[in-house]
Amino acid sequence: MDGIHDLGGKEGYGPIEVDEDESPFHEDWEGREWGIAQCARTPGITIDWWRHCRELIMPEDYLGRPYFDSWAQTDFSTYIEAGWISEEEISAGKSLSKKNDYGEPAVAMTLKQVLQEDHDHAVRFDGEIETPPVFAVGQQVRASRHGNSGHTRLPQYARDRLGTVHAYHGAHVFPDLSAQGTEIHQHCYSIMFEASELWPEAKWSQDKVYLDLWESYLSEA
Amino acid sequence: MTTDTKSPPNFDAGKVAEIHQHLHSHLPSESALRVKALETLLVDKGLVNPKTIDAWVEAYTEEIGPKRGAMVVAKAWSDPEYKARLMRDAPSAIDELGFLGKATAHLKVVENNDEVHNLVVCTLCSCYPFSILGIAPPWYKAAAYRSRAVRDPRGVLLEFGVDLDVDIEVHVWDSTAELRYLVLPQRPEGTEDMSEQELAGLVTRNSMIGTDRDLGEEIEADG
């Protein structure tokens, strides 16, 4: 979707705040939201659906509210959309559900247990598919001219641009469909774009931008 | 709306856009209160346990952070065979130190040298190799960095105090898939006698993202 999240190459966002202190959380609520996001997910949710729900936040909120605030908003939206919580319950500040159909209440995990869980949560997204990859390392390719109106991982700035296959990563879960609940694998490549191909002011530059792109985003150049 | 059944998402983007509009008007305006409202409700429903949230905060405050990445870099500097394994198969190599975890199953290491400087960004969201660098810095997740890193990397580097020679190529890695990138900075000169632990102390978080480069500056100043 051509949303506010697709920020690569957009201008006017000003200088970077480089001097922030290095503590992981600057406010308590940021840590709470990080923790909530780690231990609560609806069944059947995919990372791509969650990302898409974050992209769908109203532009003024997406840009104007703090980062972990947008995670909380995304969590609210995914739970409400799946029917787990309601807006009435948010207003009431408690569950209004008559039945308890949520199973056993979540148990308390210790530090040791969550560290183990973090290690076990090294999720792989690759898988075997029967069709061989279409493109070879070193080959020139052109990125699609258009994205799609749902979730996609082809940024606007690379569309219709010429690149070179730098590496082949194997077949990875295709995000555009995973955001709709369908998990299929598709060949995924690292594509190198010359900065001069991407930006008018980079005409003489030797710099390069690498993107990891799925096969259906690409065509032979 | 019934809330009696655990149901999977319907993947209805139109519905979610509508929900966001409602939440825009109906949630408290302060972030702390919004997150409190979410936690309160999820705890009341038994979906999350507040002690588990405590444990995740502690894990990413005390245990998991850029110190892990620094140890990997120092080991790669000290042990050529480890470096070869790291460049070939980073997830396995970091798992030798117990650091494999969230968002690092498809980790790639990109190495700086005299000709190339690497810079990592996620222009579409905020992808970051959590289990090895911890929580991403606020600037990494902000619009200014995400928009400019791919288009004006040298200007970005200058704001971080890195004045890159024109002869050094910048390679920007935009994390558009589930691959995550870790920059292997150059080992500073004059550190031949240092232990791995001492070397790890020289490695900054930003140098592993690519917004820092010359780690030897402090040694030269001290010498």
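Residues numbered from 1 in each chain as written. Chains lettered and ligands numbered in written order. Predicted model: local features only at pLDDT ≥ 70, side-chain atom pairs only at ≥ 80, totals over all residues.

### So, the domain arrangement of chain A
Residues and elements named next belong to chain A.
Next up, step 1: Partitioning chain A into domains gives domain 1 (28-120) and domain 2 (126-220).
Next up, step 2: Each of domain 1 and domain 2 has a C-alpha centre, and these two points are 31 Å apart.
Next up, step 3: Across the boundary between the two partners, domain 1 contributes 7 residues, which contact 6 residues of domain 2.
Next up, step 4: In terms of residue class, the side of domain 1 that touches domain 2 is made up of 1 nonpolar, 3 polar and 3 charged. (Domains from an automatic or database assignment. Contact = placed C-beta atoms within 7 Å. Nonpolar A, V, L, I, M, F, W, Y, C, P; charged D, E, K, R; others polar.)

### Looking at helix α4 (residues 66-78) of chain B
Each α-helix winds once per 3.6 residues, and so residues spaced three or four apart point in a common direction.
Residue and element names in this part refer to chain B.
Next up, step 1: Taking 1.5 Å as the rise per residue, α4 with 13 residues should run 18 Å; its terminal C-alpha atoms sit 18 Å apart, in good agreement.
Next up, step 2: All of the buried residues along α4 are Pro66, Arg68, Gly69, Ala70, Val72, Val73, Ala74, Ala76 and Trp77.
Next up, step 3: Where the residues of α4 are buried, they touch α5 (80-88), α6 (90-95), α7 (130-133), β4 (180-184), α11 (196-200) and α12 (205-209). (Helix = DSSP H or I, 4+ residues; strand = E, 2+ residues; numbered from the N terminus. Expected span 1.5 Å × (residues − 1). Buried ≥ 20, exposed ≤ 12 C-beta atoms within 10 Å, placed from the backbone.)

### Points about the interface of chain A and chain B
Next up, step 1: Each partner contributes to the interface: chain A provides 104 residues, whereas chain B provides 93 residues.
Next up, step 2: Secondary-structure elements contributing two or more residues to the side of chain A that touches chain B are α1 (28-39), α2 (47-55), α3 (59-64), α4 (67-81), α5 (87-92), α6 (111-120), β3 (162-173) and β5 (208-214) of chain A.
Next up, step 3: Broken down by element, the side of chain A that touches chain B gets its largest block of residues, 10 residues, from α4 of chain A.
Next up, step 4: Its residues assigned to classes, the side of chain A that touches chain B shows 49 nonpolar, 28 polar and 27 charged.
Next up, step 5: The pairing of β5 of chain A with strand β3 (residues 169-174) of chain B spans 4 bridges and is parallel. What sits directly across from lysine 208 of chain A, in β3 of chain B, is histidine 171 of chain B. (Pairing = 2+ DSSP bridges.)

### A closer look at the environment of glycine 101 of chain B
Next up, step 1: On the secondary structure map, glycine 101 of chain B appears in the loop between α6 and β1 (107-111).
Next up, step 2: On the neighbour-count criterion, glycine 101 of chain B (26 C-beta atoms within 10 Å) is buried.
Next up, step 3: As for glycine 101 of chain B and serine 131 of chain B, which are separated by 30 residues in sequence, their C-alpha atoms are 5.0 Å apart.
Next up, step 4: With sequence-adjacent residues up to four places away left out, glycine 101 of chain B is seen in contact with Asp118, His119, His121 and Ala122 of chain A together with Phe130 and Ser131 of chain B.

### A word on the nonpolar core
Across soluble globular proteins, nonpolar side chains show a tendency to be buried alongside one another.
Next up, step 1: If you look at the biggest cluster of nonpolar residues, it comprises 72 residues, and the most contacted ones within it are Leu213 of chain A together with Val73, Val172 and Leu182 of chain B.
Next up, step 2: Looking at which element gives the most residues to this core, the answer is α4 of chain B, with 6 residues.
Next up, step 3: For leucine 182 of chain B, the contacting residues outside a window of four places in its chain are Gly69, Ala90, Leu107, Val109, Pro129, Ile132 and Met208 of chain B.
Next up, step 4: Within the second largest apolar cluster, 44 residues are counted, among which are Ala40, Trp71 and Trp84 of chain A together with Ile19 of chain B. (Core = buried A, V, L, I, M, F, W, Y, C linked by C-beta atoms within 7 Å.)

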